[in-house]
Structures are given as C-alpha cells and as structure tokens.
Amino acid sequence: MSAYNRHDLGLLLLRLGTGGVLAAHGAQKLLGWFGGHGIEGTGQFMESVGYAPGKASATAAGLAEMGGGTLLALGLATPAAGAAASGAMAGASAVHAPNGFFNQEGGFEYAATLGLAAAGLAVTGPGRLSLDHALGHVLDRGWMVPAALGATAAVTAMVVGARNRRLDKPELDDAADQFDSQEALFGE
C-alpha cells in the first residue's frame, strides 16, 4: 500500500506539534529565542531549583528539548529523539510536582503531557511521512526503542535523584544545626 493513511497523517501532526513545541522550549534555553533567557539565565534558574551545575543542566535540557523536538518533528532517529525529550520533561515534571498536577497552579501537567507524547512517539514510530521511513528506518530499529528509553530513564533517575538529594541537604543541615544548638544548650 503506497498511499498514506490517516495513521501516517496523525503521527505527522503529533510529531510536528509535539516536536515544534519542544524545539521552541529548547531554543528559549539555548539561544534566548521566543522570550527565553538563554544559557546564562536558564542556568541560574536551574541552580535555583536544584539542578547543578546550572549552565551544564541548562545546556543538557536545551539540547534534549531542541534537538529531540527537531528530530521528532522531522521523524528522524525517533526512538532517541523521543527518549531525550521525554527525559527532559521528566526533569521538568520533578520541578513542578510539588505544585500538584494542574498547570494553572504551577503543576506538572504540561511537562508530563509533552513527555508522554514524546515517549509515545518513540514507541509507536514516526509513520511513513518521516525521514526515518525515507531512509529505511536505519535510525529507527525495534531494539533502539527499549535501549533509548532505558538509558534515558536511568540517566534521568540519576539526575533527578541528585537534585532531590541536593534539595534535601539544607533540611538535614538545619536539623543538624538545631541538634548542635540543643546539645550546647543542655550540655550533652
């Protein structure tokens, strides 16, 4: 069957929409486009929410979003592109999770939706209206899906875990200071 069907068109629309939004967010971080703050400003923000070092974190997030989003939109290296973008969105979701689910309250709804769409595209593939299809799926093999998603999940867990430990450390330092103050006060 050589005619494109609605499945192919649907995947194209999903890739263009999800990939375009992700690429624009990455361009904000990396280049300061679309009202973004570039590497410097984004790096400062990343530090303030526990991702350190900030500039490296901003660069990694920006590349995952801009690169992953661009590749998703093109339908090229779809497993890796979807995995990279979903990993970046998992990191963003971790920042917003304390605010609950809904975006209007600062929650993780938006980041999670983009991440799930990117992961879904990695799993389903790009469809026939894609560069992967035109190139014979050399960068879109079945084994690449679990490899890309697994590697991204492992790296994301390490990065978010390190962030969480960094954020928890001041509380531990405060508790130790309080214990030391009580110990000095009671002479123990």
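To be clear, the structure that these remarks concern was listed above.
Just so it is clear, the structure is predicted and the values come from calculations on it, not from any experiment.

Conventions adopted
- Residues numbered from 1 in each chain as written.
- Predicted model: local features only at pLDDT ≥ 70, side-chain atom pairs only at ≥ 80, totals over all residues.
- Heavy atoms only, no water.
- 1 Å grid on protein atoms, 1.4 Å probe; cavity = no way out; pocket = protein on both sides within 12 Å on 5 of 7 lines; lining within 4 Å.
- Points joined across faces, edges and corners; volume = space filled by probe spheres on them.
- Helix = DSSP H or I, 4+ residues; strand = E, 2+ residues; numbered from the N terminus.
- Nonpolar A, V, L, I, M, F, W, Y, C, P; charged D, E, K, R; others polar.
- Expected span 1.5 Å × (residues − 1).
- Buried < 20%, exposed > 50% of the residue type's maximum accessible area, 1.4 Å probe, protein only.
- Arc of directions from axis to C-beta.
- Contact = heavy atoms within 4.5 Å.

**Q** Just to check I follow, could you spell out the layout of surface pockets for this structure?
**A** Regions of empty space are outlined by a rolling probe, equal in size to a water molecule, passed over the atoms. Considered as a void within the structure, the largest pocket measures approximately 900 Å³ in volume. Taken together, 40 residues make up the lining of the largest pocket; nearest its centre are Lys29, Met46, Ala61, Glu65 and Ala88. Secondary-structure elements contributing two or more residues to the lining of the largest pocket are helix H1 (6-31), helix H2 (38-48), helix H3 (54-74), helix H4 (78-96), helix H5 (109-124) and helix H7 (144-186). Across the lining of the largest pocket, the residue classes tally to 22 nonpolar, 15 polar and 3 charged.

**Q** I'm lost on H3 in this one. Help?
**A** Think of an α-helix as 3.6 residues a turn; residues three or four steps apart then line up on the same face. Compared with an ideal rise of 1.5 Å per residue, which puts 21 residues at 30 Å, H3 spans 29 Å between its outermost C-alpha atoms and is within 8% of the ideal. Listing the buried residues of H3 in full gives Gly54, Ser57, Ala58, Ala61, Gly62, Ala64, Glu65, Gly68, Gly69, Leu72 and Ala73. Projected down its long axis, H3 shows its buried positions confined to an angular sector of 160°, all on one face. Looking at the buried side of H3, the elements it contacts are H1, H2, H4 and H5. Once H3 ends, the next one or two residues include Gly75, with phi positive near 70°.

**Q** Help me out: how do you make sense of unusual backbone geometry in this one?
**A** Trans is the prevailing form of peptide bonds, just as negative phi is the prevailing case for residues other than glycine. Of the consecutive residues Ala52 and Pro53, the connecting peptide bond is found in the cis state with omega at -5°. The backbone of Phe34 shows a phi angle near 55°, a positive value even though the residue is not glycine. Secondary-structure assignment places Phe34 in the loop between H1 and H2. A relative accessible area of 58% means that Phe34 is categorised as exposed. In this model, His137 sits at a positive phi of 60°, which is unusual for a non-glycine residue. With respect to the element layout, His137 can be found in the loop between helix H6 (131-134) and H7.

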